[in-house]
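Coordinates in review
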Amino acid sequence: MVKRALLSVSDKTGIVDFARGLKQLDIEIISTGGTARMLRDAGIETIDVSEITGFPEMMGGRVKTLHPKIHGGLLCLRENPEHVSDAEDLSIELIDMVAVNLYPFEITISRKGVNLEEAIENIDIGGPSMLRSAAKNYKSVTVLSDPQDYGHILKELRSSGVVSQESRERMAVKAFRHTANYDSTIDTYLSRTLLGEDTLRLNFTGGRELRYGENWHQEALFFSQPEIEGPALANCRQLHGKELSYNNYVDGDNALQTVKELGHEKPAVCIVKHNNPCGLATGNTLLQALQAAWDGDPISAFGSIICTNVAMDLESAKFLKGKFVEIIIAPEFKHDALDFLKSKSKNLRLLELPSFNESFDAEFTYKYITGGMLKQSRNIGLYEKWECVTETEYPEEKRGLSEFCIAACKCTKSNAVNLSWEYEDGCYMMLAMGAGQPNRVDSIRKLCATKARENLKEIYDREQPEMDFEEYCNNILSECVLASDAFFPFDDSIIHAAENNIKYIVSPGGSIRDNEVIDTANRLGVSLVFTGMRHFLH
Ligand code: 5GP
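Residues numbered from 1 in each chain as written. Predicted model: local features only at pLDDT ≥ 70, side-chain atom pairs only at ≥ 80, totals over all residues. Heavy atoms only, no water.

Details of the side chain of Asp149
With respect to the secondary-structure elements, Asp149 resides in the loop between strand 5 (142–144) and helix 9 (150–160). For Asp149, the side chain forms a polar contact with the side chain of Lys174, separated by 2.9 Å. Leave out the neighbours within four places in its chain, and Asp149 touches Leu144, Met171 and Lys174. (Helix = DSSP H or I, 4+ residues; strand = E, 2+ residues; numbered from the N terminus. Polar contact = N/O pair within 3.5 Å; in protein donor to acceptor, adjacent residues only side chain to side chain. Contact = heavy atoms within 4.5 Å.)

Concerning the nonpolar core
By size, the foremost hydrophobic cluster in this structure holds 59 residues, and its most contacted members are Met312, Ile328, Leu341, Leu419, Trp421, Leu456 and Ile505. Taken together, domain 2 (230–352) and domain 3 (379–530) each give at least three residues to this core, which thus spans both. Once residues within four sequence positions are removed from consideration, Leu456 is found in contact with Trp421, Leu431, Phe469, Tyr472, Cys473 and Ile476. In terms of nonpolar packing, the next biggest core, distinct from the first, is built from 47 residues, Ala5, Leu7, Leu22 and Phe105 among them. (Core = buried A, V, L, I, M, F, W, Y, C linked by side-chain atoms within 4.5 Å. Buried < 20%, exposed > 50% of the residue type's maximum accessible area, 1.4 Å probe, protein only. Domains from an automatic or database assignment.)

Topic: the UniProt feature "domain: MGS-like" (unreviewed entry) in the protein
Per the UniProt record, "domain: MGS-like" (unreviewed entry) is found at residues 1–145. Secondary structure within residues 1–145 divides into 44% helix and 14% strand; the distance between the first and last C-alpha atoms comes to 20 Å. (UniProt positions renumbered as here; feature names shortened; annotations may be inferred.)

Examining the site of the ligand
Taken together, 23 residues form the shell around the ligand, and within it Thr32, Thr35, Thr65, Asn101 and Asp124 come nearest. Separating a nitrogen atom of the ligand from a side-chain N or O atom of Thr65 is a distance of 2.7 Å. Relative to its unbound accessible area of 520 Å², the ligand is 94% covered by the protein chains. For the shell around the ligand, the class distribution of residues is eight nonpolar, 11 polar and four charged. (Near = heavy atom within 4 Å. Areas by Shrake-Rupley, 256 points an atom, 1.4 Å probe, with all protein chains shown as cover. Nonpolar A, V, L, I, M, F, W, Y, C, P; charged D, E, K, R; others polar.)

A few points about unusual backbone geometry
In the segment running from Ser414 into Asn415, the intervening peptide bond is cis, with an omega of -10°. Structurally, Asn415 is set in the loop between helix 15 (399–410) and strand 17 (417–424). Positive phi is not limited to glycine here, since Asn275 has a value of about 65°. Since its relative accessible area comes to 18%, Asn275 is described here as buried.

So, helix 8 (residues 126–136)
Of all 11 residues in helix 8, eight are buried, a share of seventy percent or more. Those residues of helix 8 not exposed but buried are Gly126, Gly127, Pro128, Met130, Leu131, Ser133, Ala134 and Ala135.

See the structure below:
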């Protein structure tokens, strides 16, 4: 039974309606200065906290509710006779519900030019104490720390006259999480301001057990970051298939990030294996992009994760018939495509992400190393400058394709190189890539050159153009762009690219041997652009 509620809120959203709802249920309301004023203005009767405590709110509001008459009323265990007799002896009336939200410390410190005194005044002391007292005593007390919960708590009270145990438990955990985050924000701010130190506490919740980790003998959990909204893998709705595995999360994230790097002007498809894009393409239709991405490495695509920025349609779903794929991620699945894919395999995981094409505003990325955590700002952007450094000009028409290659490099483990082709006007496909090689030259000489020819052979056999295969390859390679995620330390990569008839290369530049690299490019008729932006991914 809820007989008395204490309302003391900084964010007054919804408080009048909530209080009115409580009154209609004959619940007595106690409130602090500003909250009481607002309720009275709305014609809602309330008792001042000072009337209960016998003390005025003092010291500019620093002490309002910090009193045994309040905390005794919240902490008293109803089923403990000693508690109850203490309350009776000391004329402490029980409080069954608390709605509190805290001084806006985070907003205050994020304001430009805020000083330490202002920040400190915005550290709420009485509010967290009430939240914690009420949350500790959740068996008898309901604690609301978020205006979003007013509606359903009122609904429960109206329909059953009580707040269910399940709701009280959930609200208590929420309140403790809220005060923990609040204190953590204060710790971060004061550590920086008073001690000159940075601290890191990440708020991950809802740890969900996974069947196993990276390997079968490893245990694993997935935690999500509740404040991260928008196009994140954790926000996908799973429409079908087995639960995601540890590796699925890792690879799915890579697929999603890679497609997002390509924007949403055209349908784009990324195929990921082992945390690297092995197929990547844009097209005029999803089917076209999917076919081109698949052609980028049909062997590796086996058991892959596929991600696209447009709705999955039936014809594209049919393209995947007979092909083993682990996951498909898309902003939407058309009904017929969904039915088709569901019937294809009971295990195929289908992940829908309606916010796919919205911007993603998480500022940082983190990486755990033994005994430590690395934090860095996200790698945003493709290049800082666009400077052709060779005598042979770098045609402007190659800009779009070059950007596609850089985007692919950004999401590929270093050392990364990417070789891509504009296979139709404005539509790009990856022909080959070198990922995770400890040297760049092997990525070009041993991986890109061989792989591009292998992939082109399949396309050649399918399309049967009227020329011999070597000529076909040379024609296509002469139109391709090769991007490198970091500078070329020697000119050998340029030599191997030229040997393979590759004529357009983008690199961040910045090596002490840049001049040698440029001289060799000039000698071999290769055009080279320096972008000034490295994209290592480790
Ligand atoms: P009001 O606007 O009602 O005057 O104040 C509401 C705010 O006061 C809430 O954010 C609540 O957490 C906070 N509060 C309640 N009791 C105390 C207290 O004893 N000391 C401090 N510093 N803040 C309190």
